[in-house]
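What the coordinates show
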Amino acid sequence: MDGYKTYDVKSEGYGNSWEWKKNFNQRMSKEEADETLGSDDPYTVLGLKHGATQAEIKSAFKKLAKLWHPDLNPQRVAEATIKMQKINAAYSLLIM
């Protein structure tokens, strides 16, 4: 599978499957997540109450990711991209 090329926006554009998986599994840093969320509360973004369990956080993230992923919203790509960035940032902050 090393010969399989995948798109990687961080480098020259293409890398092997190992490089793509490594980049995909990286989480946002706390600083990046704070900057992306701004003044929004991560629990509110995911639609959760404070003190939610890890399982509840993961479940809420998956539901919202399926709902707002830009590939699933071709008619509202810009809005979906912004929403997805906030969802990813909230998830990253709450899982850390």
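Residues numbered from 1 in each chain as written. Predicted model: local features only at pLDDT ≥ 70, side-chain atom pairs only at ≥ 80, totals over all residues. Heavy atoms only, no water.

Moving on: the overall build of the chain. In terms of regular secondary structure, the chain is built from 5 helices and 2 strands. From first element to last, N terminus to C terminus, the chain shows the α and β order β-β-α-α-α-α-α. Considering only intrachain contacts with a sequence separation of at least 6, the fraction spanning at least 24 residues in the chain is 45%. Working note: accessible area of the chain is about 7100 Å², and carbon and sulfur atoms make up 55% of it. (Helix = DSSP H or I, 4+ residues; strand = E, 2+ residues; numbered from the N terminus. Contact = heavy atoms within 4.5 Å. Areas by Shrake-Rupley, 256 points an atom, 1.4 Å probe, with all protein chains shown as cover.)

How two helices pack is summed up by the angle between their axes together with the distance between the axes. Where helix α4 (residues 54–68) contacts helix α5 (residues 77–95), the axes come no closer than 10 Å and their chain directions differ by 170°. With respect to their mutual orientation, α4 and α5 come out roughly antiparallel. Along the contact surface, α4 presents Q54, I57, K58, F61, L64, A65 and W68, while α5 presents E79, A80, K83, M84, I87, N88, Y91, L94 and I95. Of the residues assigned to the contact of α4 with α5, the class counts are 11 nonpolar, 2 polar and 3 charged. (Axes fitted to C-alpha atoms, helices over the stretch in contact; angles between N-to-C directions. Parallel < 35°, antiparallel > 145°, perpendicular 65-115°, else oblique. Nonpolar A, V, L, I, M, F, W, Y, C, P; charged D, E, K, R; others polar.)

Let's shift gears to the pattern of salt bridges. Counted according to the given criterion, the structure contains 2 salt bridges. A salt bridge links K86 to D40, with the shortest nitrogen-to-oxygen separation between them at 2.7 Å. With K86 in helix α5 and D40 in the loop between α2 (30–37) and α3 (42–46), the pair connects residues that are 46 residues apart, well separated along the chain. (Salt bridge = Lys/Arg side-chain N within 4 Å of Asp/Glu carboxyl O.)

A few words now on the packing of aromatic side chains. Here a ring pair, both rings aromatic, is described through the centre-centre distance and the interplanar angle of the planes. Inspection of the entire model under this criterion finds 1 aromatic pair. The interplanar angle of 20° and the centroid separation of 4.1 Å between the aromatic rings of F61 and Y91 together place this pair among those described as stacked. In this pair, F61 is assigned in helix α4 and Y91 in helix α5, connecting sequence segments 30 residues apart. No difference in accessibility class separates F61 from Y91, as the two residues are buried. (Phe/Tyr/Trp six-rings, centres within 6.5 Å; stacked < 30°, edge-to-face > 60°. Buried < 20%, exposed > 50% of the residue type's maximum accessible area, 1.4 Å probe, protein only.)

This part takes up the confidence of the model for the chain. This prediction gives the chain a mean pLDDT of 79; 73% of its residues lie at or above 70. Below a pLDDT of 50 lies the segment residues 1–8, which in the model reaches 19 contacts outside its immediate sequence neighbourhood of four places, other chains included. (pLDDT = per-residue confidence, 0-100.)

With that settled, the discussion passes to the nonpolar core. One finds L46, L48, I57, W68 and I87 to be the most contacted residues of the largest nonpolar core, which totals 20 residues. By residue number, the principal contributor to this core is α5, which donates 8 residues. Among all residues touching L46, those that are not within four sequence positions of it are I57, A60, F61, L64, I87, A90, Y91 and L94. (Core = buried A, V, L, I, M, F, W, Y, C linked by side-chain atoms within 4.5 Å.)

Let's shift gears to the packing of α2 against α5. Running from N to C, α2 and α5 cross one another at 135°; their axes reach a closest spacing of 9 Å. By the criterion of interaxial angle, the relationship of α2 to α5 is oblique. As for how α2 packs across α5, the hand of that crossing is left-handed. Facing K30, A33, D34, T36 and L37 of α2, the residues of α5 in contact are Q85, K86, A89, A90 and L93. Looking at the contact of α2 with α5 residue by residue, the class counts come to 5 nonpolar, 2 polar and 3 charged. (Left-handed = near helix turned anticlockwise from the far one by under 90°.)

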